[in-house]
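# Fold and geometry: a report
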Amino acid sequence: MTTAAELSAPAAGQPGPGTAGAVKPSAQLAYLARALRAPVVAEVYERLAERARAEGWAYEEYLAAVLDRQVSARAANGTQLRINAAHFPARKSLEEYDYTHNVGLARQTIAHLGTTSFIDAAENVILLGPPGTGKTHLAIGLGIKAAHAGHRVLFDTAAGWISRLQQAHAKGELPTELARLARYPLLIIDLCRARNYAEAAAMLVCYVGCRPVAGSA
């Protein structure tokens, strides 16, 4: 039977269990935070410990508070990475949309789209209207909502998508490019005004296996 004495020694720089009396808890927690790649834990554990002592938290409450800060920060970082990778031309939110541009647009419709349930249902969204009515704003806003919901998003104009697929085809890499695009739950195709652009958008939807697409025309 394995005994505690037979366990391997800790790695260099790691506080060992046998030295608990000689190592300050703060130093051990700092090491553990680094080992877990949890920098926020290292930033908040002392401050939250003071609050926990002052307010009489249970051990479980303190641990949950520390881990909650780390998880929240990691989720925020992931969202930011997804937004950056989407290549939006600007940051626009649904909450910032000016409905005076389109008084006939139902707020509840946009609010429902903002839940991103259309992505899970593999449904497409088409935003129609004359120039200047905020279609691109809404498309970006939906994309940012999707990023916050954990979905990967990719944005481009119809002309950009056409160029992208043409270049991949010319290099003999179209199947590879389409397979890569199929990994995105949401593709946004902006400025589908000309007929050939609209046709290209329809082709893109079919090519990537009917992935959800938000398009503005």
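Look above for the structure.
Here we summarise the structure given alongside this text. Computed from a predicted structure; not experimentally measured.

Criteria and thresholds
Residues numbered from 1 in each chain as written. Predicted model: local features only at pLDDT ≥ 70, side-chain atom pairs only at ≥ 80, totals over all residues. Heavy atoms only, no water. Helix = DSSP H or I, 4+ residues; strand = E, 2+ residues; numbered from the N terminus. Contact = heavy atoms within 4.5 Å. Buried < 20%, exposed > 50% of the residue type's maximum accessible area, 1.4 Å probe, protein only. Phe/Tyr/Trp six-rings, centres within 6.5 Å; stacked < 30°, edge-to-face > 60°. Lys NZ or Arg CZ within 6 Å of the ring centre and 35° of its normal. Salt bridge = Lys/Arg side-chain N within 4 Å of Asp/Glu carboxyl O. 1 Å grid on protein atoms, 1.4 Å probe; cavity = no way out; pocket = protein on both sides within 12 Å on 5 of 7 lines; lining within 4 Å. Points joined across faces, edges and corners; volume = space filled by probe spheres on them. Nonpolar A, V, L, I, M, F, W, Y, C, P; charged D, E, K, R; others polar. Axes fitted to C-alpha atoms, helices over the stretch in contact; angles between N-to-C directions. Left-handed = near helix turned anticlockwise from the far one by under 90°.

Residue placement: Leu-142 occurs in helix H6 (residues 135–148). Sequence separation between Leu-142 and Val-153 is 11 residues; the distance between their C-alpha atoms is 9.8 Å. Apart from residues lying up to four places away in sequence, Leu-142 is in contact with Leu-94, Leu-113, Gly-114, Val-125 and Leu-186.

Turning next to the pairing of strand S3 (residues 186–190). Among the 5 residues of S3, 5 are classified as buried, and the element is accordingly described as predominantly covered. Burial of the side chains of S3 extends over both faces: Leu-186, Ile-188 and Asp-190 are buried on one face and Leu-187 and Ile-189 on the other.

Enumeration over the complete set of coordinates arrives at 2 aromatic pairs. Between Tyr-97 and Tyr-99, the aromatic rings sit 4.9 Å apart at their centres with planes inclined by 90 degrees, giving edge-to-face as the arrangement. Neither residue differs from the other here; Tyr-97 and Tyr-99 are each classed as buried. Geometry around Tyr-99 places Arg-107 over its ring, the cationic atom sitting 4.1 Å from the centre. If you follow Arg-152 out to its NZ or CZ, it ends over the ring of Tyr-184, 4.2 Å from the centre.

Now for the pattern of salt bridges. Pairing is possible between side chains that carry opposite charge, provided their charged atoms lie close to one another. Counted according to the given criterion, the structure contains 4 salt bridges. Its salt-bridge partner being Lys-145, residue Glu-95 comes within 2.8 Å of it at the nearest N-O pair. Of the two residues, Glu-95 is situated in the loop between helix H3 (59–86) and helix H4 (107–113) and Lys-145 in helix H6; the sequence distance between them amounts to 50 residues. For Lys-145, a relative accessible area of 28% gives the class partly exposed. The closest approach of N and O atoms between Glu-177 and Arg-164, which form a salt bridge, is 2.5 Å. On the criterion of sequence distance, the pair formed by Glu-177 in helix H8 (residues 174–181) and Arg-164 in helix H7 (residues 158–170) is long-range, its members being 13 residues apart. Taking relative accessible area as the criterion, Glu-177 reaches 14% and is therefore assigned buried. Among the charged side chains, a network of salt bridges with common partners joins Arg-164, Glu-177 and Arg-180.

In this structure, the largest pocket encloses a volume near 260 Å³. The wall of the largest pocket is formed by 14 residues, among which Leu-36, Ala-38, Val-41, Val-66 and Leu-67 lie closest to the centre. Within the residue set of the lining of the largest pocket, elements represented by two or more residues are helix H1 (25–35), helix H2 (39–55) and H3. Of the residues contributing to the lining of the largest pocket, the split by class is 12 nonpolar, 1 polar and 1 charged.

Below, the discussion takes up the packing of H2 against H3. Packing of H2 against H3 brings their axes to within 9 Å, and their N-to-C directions diverge by 145 degrees. For the pair H2 and H3, the crossing hand works out as right-handed. Contacts between H2 and H3 involve Pro-39, Val-40, Val-41, Val-44, Tyr-45, Leu-48, Ala-49, Arg-51 and Ala-52 on the former and, on the latter, Tyr-62, Ala-65, Val-66, Arg-69, Gln-70 and Ala-73. Class assignment of the residues belonging to the contact of H2 with H3 gives a composition of 12 nonpolar, 1 polar and 2 charged.

Taken by themselves, the reported measurements are silent on function.
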